[in-house]
Amino acid sequence: MRINRTVAAAGVLALAGAVLAAGPAQAAGGAPKGDGAKAICKRLPKTEERVDKALARLHGDASVNGSIARLEQRVDSAHKAGHSEIEKYLNDRLTVRRSLVSTLDTRKADLKSVADWCAKNAPAAGK
């Protein structure tokens, strides 16, 4: 019994030492070295595609999953069925979804200016 406790205690101390030794090294290496312009410019086409796809879905008709029109139809159905709690929940989701459109429109405009900057400065070319 005494040997097992000694081995266990030594194992715990070794593990604690390894964690303490790795801690400062990870913290020092995790600090950003720049603004990430190269990576942002590299990911820009996919980011623009995602924003456009989300806006298209939100502006879709009632047959499109995730569209505002579809959620409005569900709110109307809940109202007609007299499900006031469901109607309130769906109305809250509808409010968030409508605000998402303005957020994505702003993001799309920001991405256009970022695309212009990337075209002028070309950080992905060699910096």
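Presented here is a report on the structure given in the accompanying data block. (Residues numbered from 1 in each chain as written. Predicted model: local features only at pLDDT ≥ 70, side-chain atom pairs only at ≥ 80, totals over all residues. Heavy atoms only, no water.)

Quick notes on the overall build of the chain
In terms of helices and strands, the chain carries four helices and zero strands. Taken over 127 residues, the chain has a buried fraction of 18%. Long-range pairs, those at least 24 residues apart, make up 54% of the contacts in the chain between residues at least 6 apart in sequence. Surface exposure of the chain reaches about 9,700 Å², of which carbon and sulfur atoms provide 60%. (Helix = DSSP H or I, 4+ residues; strand = E, 2+ residues; numbered from the N terminus. Buried < 20%, exposed > 50% of the residue type's maximum accessible area, 1.4 Å probe, protein only. Contact = heavy atoms within 4.5 Å. Areas by Shrake-Rupley, 256 points an atom, 1.4 Å probe, with all protein chains shown as cover.)

Notes on the packing of helix α3 (residues 68–81) against helix α4 (residues 84–121)
Axis angle and axis distance: for two packed helices, these are the angle between their axes and the distance between the axes, and together they describe the pair. It is the contact of α3 with α4, at a shortest axis distance of 9 Å, that shows an interaxial angle of 160°. What the angle tells us is that α3 and α4 run roughly antiparallel. Note on packing geometry: the crossing formed by α3 with α4 is left-handed. Here α3 contributes Ile 68, Leu 71, Glu 72, Arg 74, Val 75, Ala 78 and His 79 to the contact with α4, which in turn contributes Ile 86, Glu 87, Leu 90, Asn 91, Arg 93, Leu 94, Arg 97, Arg 98 and Val 101. Residue composition of the contact of α3 with α4, by class: eight nonpolar, two polar and six charged. (Axes fitted to C-alpha atoms, helices over the stretch in contact; angles between N-to-C directions. Parallel < 35°, antiparallel > 145°, perpendicular 65-115°, else oblique. Left-handed = near helix turned anticlockwise from the far one by under 90°. Nonpolar A, V, L, I, M, F, W, Y, C, P; charged D, E, K, R; others polar.)

Observations concerning the side chain of Ser 67
Looking at where Ser 67 falls in the secondary structure, it is placed in the loop between α2 (37–58) and α3. Dropping the residues within four chain positions of it, Ser 67 is found in contact with Arg 57, Leu 58, Gly 60, Asp 61, Ala 62 and Arg 97.

Overview of the pattern of salt bridges
Summed over the entire model, instances satisfying the criterion amount to four salt bridges. Where Lys 108 meets Asp 52, a salt bridge forms, and the shortest distance between an N and an O atom there is 3.2 Å. With Lys 108 in helix α4 and Asp 52 in helix α2, this pair connects stretches of sequence that are 56 residues apart. Judged by its relative accessible area of 35%, Asp 52 falls in the partly exposed class. One salt bridge in this structure joins Lys 88 and Asp 92, with 3.2 Å as the shortest N-O distance. Note that Lys 88 and Asp 92 are positioned in helix α4 at a spacing of four residues, about one turn of the helix. Residue classification places Lys 88 among the exposed positions, given a relative accessible area of 54%. Judged by relative accessible area, which is 42%, Asp 92 ranks as partly exposed. (Salt bridge = Lys/Arg side-chain N within 4 Å of Asp/Glu carboxyl O.)

Don't take any of this as a statement about function, it's just geometry.
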